[in-house]
Amino acid sequence: MIVSRGVWDDAGTSSTLSNIFQNYDSTKLSQIYIETKKPNTRLCQSFFQISEFSLIKRLYKWRIKTGQRVDTLYEEDSDIARQEANTMEYVRGHRSFAYNILRDLLWHLNGWKSKELRSFIKEENPDVLWLTGSPLILMNRLSLYVVNQAGKPFCLYEMDDVYSYKNCGQNPFKYIYRFFLRRRVRCLMKGAGQVFVISPKMKQEFDSLFGIDSIVLTKGIDFTDRPFHGVTPEKPVNMVYAGNLLYGRLSTVEKLALALDEVNSQGRRLVLTIYTGTPVSDAVKEKMTKKGSVIFHDPVPYAQVEEVIRQSDVVLFAETFEEKKKNTARLSFSTKITDYLSGGKCLLAIGPGDIAPMEYLIENDAAVAVTNVQEISRKLEYLLAPGIIEQYARKAYDCGKRNHDKHKLDEIVFGKLKAISYNESPTIS
């Protein structure tokens, strides 16, 4: 049984569950989630949805059901369900820290602890639980509740910095929130039969903090029909960025655009094409594109990202240098990185050298790395030197095959799930 915040969507930009469990027996999987959306997957057939919209309505209509079993094979989304999904998507899209506090207060009323949820857990009777970690107190409370209701061993998969105070800045309320979050994270860490983490940097920190031996688990790549084809750069060289420009990434890409204008001052040698759904003002777009070094496109569906990568010469990974925002990615590992590595393309990585994704790419020599904005122009010249793009395309592919092979990761994950299913059932609080 999987407990996670998001709905299971094979076609979504965050298809972590689909990647991890795509070779698992779908009849032996179930999921509890809290998004007001219907799952879109054939990898799992049994779902329980806790509706936050219903938690709000329960404040004035206390008999309302806050959770329900979802049948993806036969049920169609109702108009009410679609309205709820649109409302909650809008609210989450305009969220703030204050919104997170109000959300947790709503969950603290315990309206989600329903007989329907308890019945679902009892009927599914899982052998083992898969808990997806979260920086939200409410999700950790839900995970603790499901563990105690099921009475079965569990593993924990952490993908965010859920423990340090480095994301709190100067906000005392964030420190208080993180204090209470840490208490629940410690409980889960203590009771977990196995902890999986998203990056080597996270493994190093969590192993030291909790005295555990965690396993690094990223998105896996199936190399069975994915040979290395090599790269023959076009003129001008085609560089691609596909993803959002949130959390300060836009400022990094703006600096890159200025460097590209400099490199192209004697002729177009390198052009960056950006596919993003992040709103960018007309003024910023005009500034970045006026000299022809940058082209903006609407985002493409996730299923088409692989084709966009295939048609490129260089792919761009960018994180912010802004002090207030850079800790967002401090321990993370973007799925874009494995997508890029699997494509066998030269990777240009720009970001602080002390965050997990940059550390990983530098240690594996899998990218042309820029850790100082003052060095962007010089590194672009290096990138355009004869043979460098071809050389780093090969290095990226070899890194992906060495560290992210899907079949090897399946053996590790499924082996651990089987092993901990024989553990004694923990009781945590």
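About the thresholds
Residues numbered from 1 in each chain as written. Predicted model: local features only at pLDDT ≥ 70, side-chain atom pairs only at ≥ 80, totals over all residues. Heavy atoms only, no water. Helix = DSSP H or I, 4+ residues; strand = E, 2+ residues; numbered from the N terminus. Rg over C-alpha atoms; globule rule 2.2 N^0.38 Å. Buried < 20%, exposed > 50% of the residue type's maximum accessible area, 1.4 Å probe, protein only. Pairing = 2+ DSSP bridges. Right-handed = clockwise from strand over helix to strand, strands pointing away. Core = buried A, V, L, I, M, F, W, Y, C linked by side-chain atoms within 4.5 Å. Contact = heavy atoms within 4.5 Å. Salt bridge = Lys/Arg side-chain N within 4 Å of Asp/Glu carboxyl O. Disulfide = S-S within 2.5 Å. Axes fitted to C-alpha atoms, helices over the stretch in contact; angles between N-to-C directions. 1 Å grid on protein atoms, 1.4 Å probe; cavity = no way out; pocket = protein on both sides within 12 Å on 5 of 7 lines; lining within 4 Å. Points joined across faces, edges and corners; volume = space filled by probe spheres on them.

Q: How would you summarise the overall build of the chain if you had to cite specific residues and measurements?
A: When helices and strands are counted, the chain shows 16 helices and 14 strands. Taking 2.2 N^0.38 as the reference for a compact globule, 429 residues should give roughly 22 Å; the C-alpha atoms of the chain span a radius of gyration of 23 Å, in line with that estimate. C-alpha atoms of the chain, sized along the principal axes, occupy 70 × 45 × 45 Å. Expressed as a percentage of the 429 residues in the chain, the buried residues total 52%.

Q: For unusual backbone geometry, give the residues involved together with the corresponding values.
A: Cis geometry is adopted by the peptide bond preceding Pro 236, which originates at Lys 235 and carries an omega value of 0°. Of note in this structure, Asn 110 is not a glycine but carries a positive phi near 70°. Looking at the secondary structure, you find Asn 110 in the loop between helix 4 (97-108) and helix 5 (115-124). Residue Asn 110 is classed as partly exposed on the basis of its relative accessible area, which comes to 29%. One non-glycine residue, Tyr 247, lies in positive phi territory at about 55°. Checked against the element boundaries, Tyr 247 lands in the loop between strand 9 (237-242) and helix 9 (249-263).

Q: Can you lay out the environment of Phe 228 for me, pointing to particular residues and giving the numbers?
A: When you line up the elements, Phe 228 lands in the loop between strand 8 (215-216) and strand 9. With a relative accessible area of 22%, Phe 228 lands in the partly exposed category. Considering only alpha carbons, one finds Phe 228 and Tyr 397, 169 residues apart in sequence, at a separation of 7.0 Å.

Q: Describe the pairing of strand 9, naming the residues involved and giving the relevant values.
A: With six of six residues buried, strand 9 is to be regarded as a mostly interior element. Alternating residues of strand 9 divide into Val 237, Met 239 and Tyr 241 and Asn 238, Val 240 and Ala 242, and every residue in both groups is buried. Examined bridge by bridge, strand 9 and strand 10 (residues 270-275) share six bridges and lie parallel to one another. Bridge pairing in strand 10 links Tyr 241 to Ile 274. The parallel pair strand 9 and strand 10, bridged by helix 9, forms a crossover whose chirality is right-handed. In this sheet, strand 12 (residues 314-318) lies alongside strand 9 in parallel orientation, the contact comprising two bridges. Residue pairing across strands places Met 239 opposite Val 314, the latter belonging to strand 12.

Q: A description of the nonpolar core should follow, citing residues and the corresponding values.
A: Phe 21, Ile 32, Trp 130 and Leu 142 are the most contacted members of the largest nonpolar core, which has 88 residues in total. For this core, the leading source of residues is helix 6 (residues 137-150), giving nine residues. Leaving out residues up to four positions away in the same chain, Phe 21 has contacts with Ile 2, Trp 8, Leu 29, Trp 130, Phe 414 and Leu 417. Counting residues in each nonpolar core, the second largest holds 36 residues, with Ala 257, Ile 274, Leu 316 and Val 370 among its members.

Q: Could you give an account of the side chain of Arg 182, naming the residues involved and the relevant values?
A: Its place among the elements puts Arg 182 in helix 7 (residues 172-191). Not counting residues up to four positions away in its chain, the partners in contact with Arg 182 are Val 162, Tyr 163, Ser 164 and Tyr 165.

Q: Describe the pattern of salt bridges, naming the residues involved and giving the relevant values.
A: Taken as a whole and assessed by the stated rule, the structure comprises 21 salt bridges. Salt-bridge contacts for Asp 213 lead to Lys 203; the nearest nitrogen and oxygen are separated by 3.0 Å. Placement of the pair is Asp 213 in the loop between helix 8 (200-210) and strand 8 and Lys 203 in helix 8, with a sequence separation of 10 residues. What makes Asp 213 exposed here is its relative accessible area of 59%. Measuring nitrogen to oxygen at the nearest pair gives 3.6 Å for the salt bridge that ties Lys 325 to Glu 322. The partly exposed category is assigned to Lys 325, whose relative accessible area is 37%. Three or more residues joined by partner-sharing salt bridges are found here, namely Arg 69, Glu 123 and Glu 124.

Q: Any chance you could break down the state of the cysteines for me, citing the residues and the numbers?
A: What the rule picks out here adds up to zero disulfides. Cysteine Cys 168 is unpaired, with the sulfur of Cys 187 as its nearest cysteine sulfur at 19 Å. Since its relative accessible area comes to 4%, Cys 168 is described here as buried. Cysteine Cys 399 remains unbridged, with the sulfur of Cys 346 as its closest cysteine sulfur at 13 Å.

Q: Describe the sheet that holds strand 8, listing the residues and the values that go with them.
A: In sheet architecture, strand pairing relies on hydrogen bonds along the backbone and comes in two forms, parallel and antiparallel. Sheet architecture is open: eight strands sit in the order 4-3-2-1-5-6-7-8, paired in mixed fashion. Both edges of this open sheet fall to strand 4 (67-70) and strand 8, since each of them pairs with a single strand only. Across the face of the sheet, helix 8 comes into contact with strand 6 (154-158), strand 7 (194-197) and strand 8 while running at roughly 140° to strand 7. Sitting on the sheet, helix 16 (residues 406-420) is in contact with strand 5 (129-132), strand 6, strand 7 and strand 8, with an inclination near 155° to strand 7.

Q: Before we move on, could you go through empty space enclosed by the protein and cite the residues and values that matter?
A: One pass over the structure, following the stated rule, counts one cavity of 30 Å³ or more. The computed volume of the largest cavity comes to approximately 30 Å³. Looking at the largest cavity, the residues that line it are Asn 19, Ile 20, Leu 217, Thr 218, Gly 220, Lys 406, Leu 409, Asp 410 and Val 413. For the lining of the largest cavity, the secondary-structure elements that each account for two or more residues are helix 1 (16-21) and helix 16.

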